[in-house]
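Listed below, chain by chain, are the residues.
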Amino acid sequence: MTREDMLARLIAQAELPRRHGGVHLVTLRAIVEEASELGAARALDRLGLGDTQAEEDLGELRELLSAWRDAKASAWKAAIDWLVKGVLALLLVGLALRLGLGEVVS
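Residues numbered from 1 in each chain as written. Predicted model: local features only at pLDDT ≥ 70, side-chain atom pairs only at ≥ 80, totals over all residues. Heavy atoms only, no water.

### Focus: the overall build of the chain
Counted only if it meets this: Counting from the N terminus, the helices are DSSP H or I runs at least four residues long and the strands are E runs at least two residues long. Exposed residues in this analysis have more than 50% of their type's maximum accessible area, buried residues have under 20%, and partly exposed residues fall in between, with area computed by a 1.4 Å probe over protein chains only. Accessible surface area values rest on a Shrake-Rupley calculation with a 1.4 Å probe, where residue burial reflects the displayed protein chains alone.
For the chain, the helix and strand inventory stands at 4 helices and 0 strands. In the chain, the succession of α and β elements from N to C terminus is α-α-α-α. Scored against the burial criterion, the 106 residues of the chain give a buried share of 8%. Carbon and sulfur atoms provide 63% of the accessible area of the chain, an area that totals close to 9,200 Å².

The following block contains the structure:
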């Protein structure tokens, strides 16, 4: 029995007591549960995550995202490191020229 069939049967079951004074709470909870699971399955199918390999695919995507974040952080750290070294090298060259050590080196 599919979820759609189950939901249709629960709704039909809820119709009977309504004529006699109300719907049972258990029936309402079952309708809500089945409807929410059916909606979630439809949403996953629309996103392309309704198959059996979806969990594995999401795990791989998380690993890729983590690797991308690590690489990005590492690239920024390396760029800042090179920038600081370049500024320090320029300061050393400027200091050497100011002290007159430029003639000694050449």
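### Overview of the nonpolar core
Generally speaking, nonpolar side chains in soluble globular proteins are found buried as a group. Counted only if it meets this: Within this scheme, the nonpolar core is defined by two criteria: the residues are buried Ala, Val, Leu, Ile, Met, Phe, Trp, Tyr or Cys, and they are joined through side-chain atoms within 4.5 Å.
The biggest cluster of nonpolar side chains holds 5 residues, and these are Leu7, Leu10, Ala14, Ile31 and Leu38. It is helix H1 (residues 3-19) that provides the largest number of residues to this core, a total of 3 residues.

### A short note on helix H2 (residues 25-46)
Defined as follows: An expected span of 1.5 Å times one less than the residue number is assigned to each helix. It is the directions from the helix axis to the C-beta atoms whose arc is reported.
If you check H2, its first and last C-alpha atoms are 31 Å apart, about what 22 residues at 1.5 Å a residue would give, namely 32 Å. Among the residues of H2, Thr27, Ile31, Glu34 and Leu38 are the ones counted as buried. Down the axis of H2, the sector holding all buried residues measures 75°, keeping them to one side. Every exposed residue of H2 that faces more than 90 degrees away from the buried side is listed here: Leu25, Val26, Arg29 and Val32. Positioned one or two residues after H2, Gly48 has a phi angle of 80°, which is positive.

### Side note on helix H3 (residues 54-98)
Spacing of three or four residues puts side chains on the same side of an α-helix, whose turn is 3.6 residues. For H3, which comprises 45 residues, the first-to-last C-alpha distance of 65 Å matches the rise-based estimate of 66 Å (1.5 Å per residue) to within 8%. A positive phi of about 80° marks Gly100, the residue just after H3.

### What to know about a negative patch on the surface
To keep things clear, this is the line we draw: Nonpolar side chains (Val, Leu, Ile, Met, Phe, Trp, Tyr) within 5 Å and like charges within 9 Å form the patches, drawn only from residues with over 30% relative accessible area and no salt bridge. Think of a salt bridge as a Lys or Arg side-chain nitrogen and an Asp or Glu carboxyl oxygen that are within 4 Å of each other. Charged residues are defined here as Lys and Arg on the positive side and Asp and Glu on the negative side; His and the ends of the chain fall outside this count. For this purpose, a charge sits on NZ of Lys, CZ of Arg, CG of Asp or CD of Glu.
Where like charges cluster on the molecular surface, the negative patch consists of Glu55, Glu56, Glu60 and Glu63. Within the element layout of this structure, Glu63 appears in helix H3.

### Some remarks on a nonpolar patch on the surface
The grouping of Trp76, Ile80, Leu83, Val84, Val87, Leu88 and Leu91 at the surface amounts to a nonpolar patch, some 740 Å² of accessible area in total. Tracing the chain through its elements places Trp76 in helix H3.

### So, the side chain of Glu34
Where we set the bar: Any pair of residues with heavy atoms lying within 4.5 Å of one another is described as a contacting pair.
Inspection of the secondary structure puts Glu34 in helix H2. When residues no more than four places from it in sequence are discounted, the contact partners of Glu34 are Arg3, Met6, Leu7 and Leu10.

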